[in-house]
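Structural description and commentary
Okay, here's what each chain looks like letter by letter:
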Amino acid sequence: MSHGKQFTLYMHKVSPHGWKIVFVLAELGLTYEPKYIDTAKDEHKTAEFIKLNPNGRTPVLVDHANSDFVVWESNAMLQYIVDKYDSARTISIAPGTDEYYTQLQWLYFQGSGQGPYYGQAGWFTFYHHEKILSVIERYRNEVRRVLGVLESVLSTQKWLVGDKMTAADISFVSWNAVAIEHFVDPGFNFEREFPAAARWHSKMLSRPGIKSAWDQRLQFFAEL
């Protein structure tokens with residue numbers, strides 16, 4: 001390999017999507033070089049970037065240990081990483097088992113249920129040219145609904161799949177952290193309203209690799 005790091009990760013400095021990839025790489029001790037894409041300058045729309053991801057979105061992962069294989073869509077990236085490089089099943093479930101499909105189920109829910117709704121909550125709260133209170137309320141309610149789904153499961157078990165933290169759990173961390181801080185109403189109290197989900201979230205954010213990565217993201221956010 002001519003590259004010093006195994007992966008190149010194209011990501012936005014503060015968008016939650018890329019950071020969940022960083023978390024999984026950190027948990028598995030895999031090395032990567034970040035390439036920060038400035039969407040304000042439309043760097044995700046350049047011809048060079050579109051060759052990597054025809055959808056023109058971050059993140060994108062290039063695996064130099066696998067002939068520069070390119071993966072886009074963040075949860076496909078998580079699944080790729082653990083299937084290829086977590087042979088000890090430290091944070092994943094073995095393919096073909098029933099629990100493997102439960103892991104996929106939660107990854108799909110994060111990608112279709114948490115990410116889009118939380119993203120819309122952020123957009124209409126901070127960036128839309130017009131403050132539409134009914135729309136903001138709708139997406140704030142969706143944040144609570146998703147947290148309620150997580151709470152219903154985590155109130156009876158410690159992790160989403162089996163008896164250990166997996167990539168499925170990790171996939172929720174960054175969006176939950178952002179939403180809890182910014183996207184729900186000022187009176188929101190995570191620990192009071194969703195105690196099991198709050199404990200689960202806190203356990204993951206306190207892990208050294210995840211905490212170090214998230215602290216870096218917070219520093220980037222503070223510099224904006």
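Before reading on, note that the structure itself is shown above.
Below is a short write-up of the structure. For clarity, every value in this text was computed on a predicted model and none was experimentally measured. (Residues numbered from 1 in each chain as written. Predicted model: local features only at pLDDT ≥ 70, side-chain atom pairs only at ≥ 80, totals over all residues. Heavy atoms only, no water.)

Our next topic: unusual backbone geometry. The amide bond that connects Thr58 to the next residue, Pro59, takes the cis arrangement and shows omega of 5°. Positioned with a positive phi, Asp42 is a non-glycine residue whose angle comes to about 60°. With respect to the helices and strands, Asp42 occurs in the loop between strand 2 (32-36) and helix 2 (47-52). On the basis of relative accessibility, which here comes to 45%, the residue Asp42 falls in the partly exposed class. Backbone geometry places Asp68, a non-glycine residue, at a positive phi of 60°. Looking at the element boundaries, Asp68 is found in the loop between strand 3 (60-63) and strand 4 (69-72). Relative accessible area serves as the criterion here: at 39%, Asp68 is assigned to the partly exposed category. (Helix = DSSP H or I, 4+ residues; strand = E, 2+ residues; numbered from the N terminus. Buried < 20%, exposed > 50% of the residue type's maximum accessible area, 1.4 Å probe, protein only.)

Glancing now at the sheet that holds strand 3. Read from one edge to the other, the open sheet built from four strands follows the order 2-1-3-4, with strand pairing classed as mixed. Every other strand in the sheet has two partners, leaving strand 2 and strand 4 as the edge strands with one partner each. For this sheet the average axis-to-axis angle between neighbouring strands, irrespective of direction, equals 20°. Of the strand pairs in this sheet, strand 1 (residues 7-11) and strand 2 are connected by five bridges, and their pairing is parallel. Directly across from Met11, in strand 2, lies its bridge partner Tyr36. Where helix 1 (residues 16-28) meets the sheet, its contacts fall on strand 1, strand 2 and strand 3, and the angle it forms with strand 1 comes to roughly 155°. (Pairing = 2+ DSSP bridges. Axes fitted to C-alpha atoms, helices over the stretch in contact; angles between N-to-C directions. Contact = heavy atoms within 4.5 Å.)

For the rest of this paragraph, the subject is the packing of helix 1 against helix 10 (residues 208-222). Helix 10 packs onto helix 1 with a crossing angle of 150° between their chain directions and a minimal axis gap of 8 Å. Relative to helix 10, the element helix 1 is oriented roughly antiparallel. Here the hand of the crossing between helix 1 and helix 10 comes out right-handed. Seen from helix 1, the contacting residues are Trp19, Val22, Phe23, Ala26 and Glu27; seen from helix 10, they are Gly209, Ile210, Ala213, Trp214, Gln216, Arg217 and Phe220. (Parallel < 35°, antiparallel > 145°, perpendicular 65-115°, else oblique. Left-handed = near helix turned anticlockwise from the far one by under 90°.)

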